[in-house]
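Take a look at the letters that make up each chain.
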Amino acid sequence: MSVGFIYPEEPKATKDLKMKVIKYLILIAIICLSISAKSAYSQEEDRSFFSSKYCSVFYGNDVDLRKVNRRLNLGFSNFYNPRGHKESPGISTADIIADKLDAIFNKAEEILDMHPARIHVAINIYKTQKELDQVYEEFFNEPNKAVSFYIYKTNTIYTVESQLTENILAHEMAHCIIDCYFVMLPPRKIQEMLAVYVDVHLKD
Ligand SMILES: [Zn+2]
C-alpha cells in the first residue's frame, strides 16, 4: 500500500459555513463603511458657508447669523458703509456680515500698514464654547482658555457665536495679516503686540 499525504477534503457543511461567515463579514464591512460615510456627510451638512472678498465663513446651522450680525457693531466707524442695506430688503444677513468683515479686515490692514497680496482667511463660527474648546484640544492637546484663536497652519480664525465682537475679529485678522506679510515671522510676543495694537486702535 503506497502511503502519500493527501489534504483531507473539507466536509461540505464546513465549506458552506465558511462561505456564510465570509458573506456575513463582507456585509458588516459594507454597513460600517456606509455608516461612516453617512456621518462624515451629515457633519458636512450641519455646516453652512458664505464668503466675502477677504473671508470665507463656515458656521454651524445652529448658529444665528442675526445674532452674529448684531454683535458686529460698526456703528462707531467711518470705515463701514452699509451700502444702503435698509433700502434693499432682499439683502441677506450673510451679505451684511460679509460687508462688515471686509470693512474690519481693511481697517486692520490700514492700522498695521500691511497690505499683503491675495490674502484671504477662513472663519469658523461655532455655536458653543464647548465646540471651540474641542477644536483647540484636537490641535494643541491642551485645554483651551480663549474665546477665539487663529491657526496659521489652517489660515483659519475659530470663534463662538456668543463671544464674537468686532474687536476680537480685528485682533485675529491682524494675526492672519501679520503671518502673510512677514517672510520671516517676528517672535510670537511681537506678533501678539501687533495684533493687540489693531484691536486697541480699531475705534480711533
Ligand atoms: Zn492674539
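Look above for the structure.
Residues numbered from 1 in each chain as written. Predicted model: local features only at pLDDT ≥ 70, side-chain atom pairs only at ≥ 80, totals over all residues.

Participant: Residue-level account of helix α5 (residues 166–181), with values.
Facilitator: Compared with the 22 Å implied by 1.5 Å per residue over 16 residues, the 22 Å span of α5 between its first and last C-alpha is a close match. Taken together, the buried positions of α5 are Glu 166, Leu 169, Ala 170, His 171, Glu 172, Met 173, Ala 174, His 175, Cys 176, Ile 177 and Ile 178. In this structure, the buried residues of α5 make contact with α3 (93–112), β3 (121–126), β4 (148–151), β5 (156–160) and α6 (188–201). (Helix = DSSP H or I, 4+ residues; strand = E, 2+ residues; numbered from the N terminus. Expected span 1.5 Å × (residues − 1). Buried ≥ 20, exposed ≤ 12 C-beta atoms within 10 Å, placed from the backbone. Contact = placed C-beta atoms within 7 Å.)

Participant: So what's going on with the sheet that holds β3? Residues and values would help.
Facilitator: A sheet is described by the order of its strands in space; here 5 strands give the open sequence β1-β2-β3-β5-β4, paired in mixed fashion. Strand pairing shows two members of the sheet lacking a second neighbour, β1 (47–51) and β4, which therefore form its edges. Ignoring which end each strand starts from, the neighbouring axes of this sheet average 20 degrees apart. The pairing of β1 with strand β2 (residues 55–60) spans 5 bridges and is antiparallel. Bridge pairing links Ser 48 to Tyr 59 in β2. Against the sheet, α5 contacts β3, β4 and β5, and its axis sits at roughly 15 degrees relative to β4. (Pairing = 2+ DSSP bridges. Axes fitted to C-alpha atoms, helices over the stretch in contact; angles between N-to-C directions.)

Participant: Which residues make up unusual backbone geometry, and what values go with them?
Facilitator: In this model, Asn 141 sits at a positive phi of 60 degrees, which is unusual for a non-glycine residue. Looking at where Asn 141 falls in the secondary structure, it is placed in the loop between α4 (129–140) and β4. For Asn 141, a count of 7 C-beta atoms within 10 Å gives the class exposed. Its identity as a non-glycine residue notwithstanding, Asn 155 has a phi of 50 degrees, on the positive side. Here Asn 155 shows up in the loop between β4 and β5. Judged by the 15 C-beta atoms lying within 10 Å of it, Asn 155 falls in the partly exposed class.

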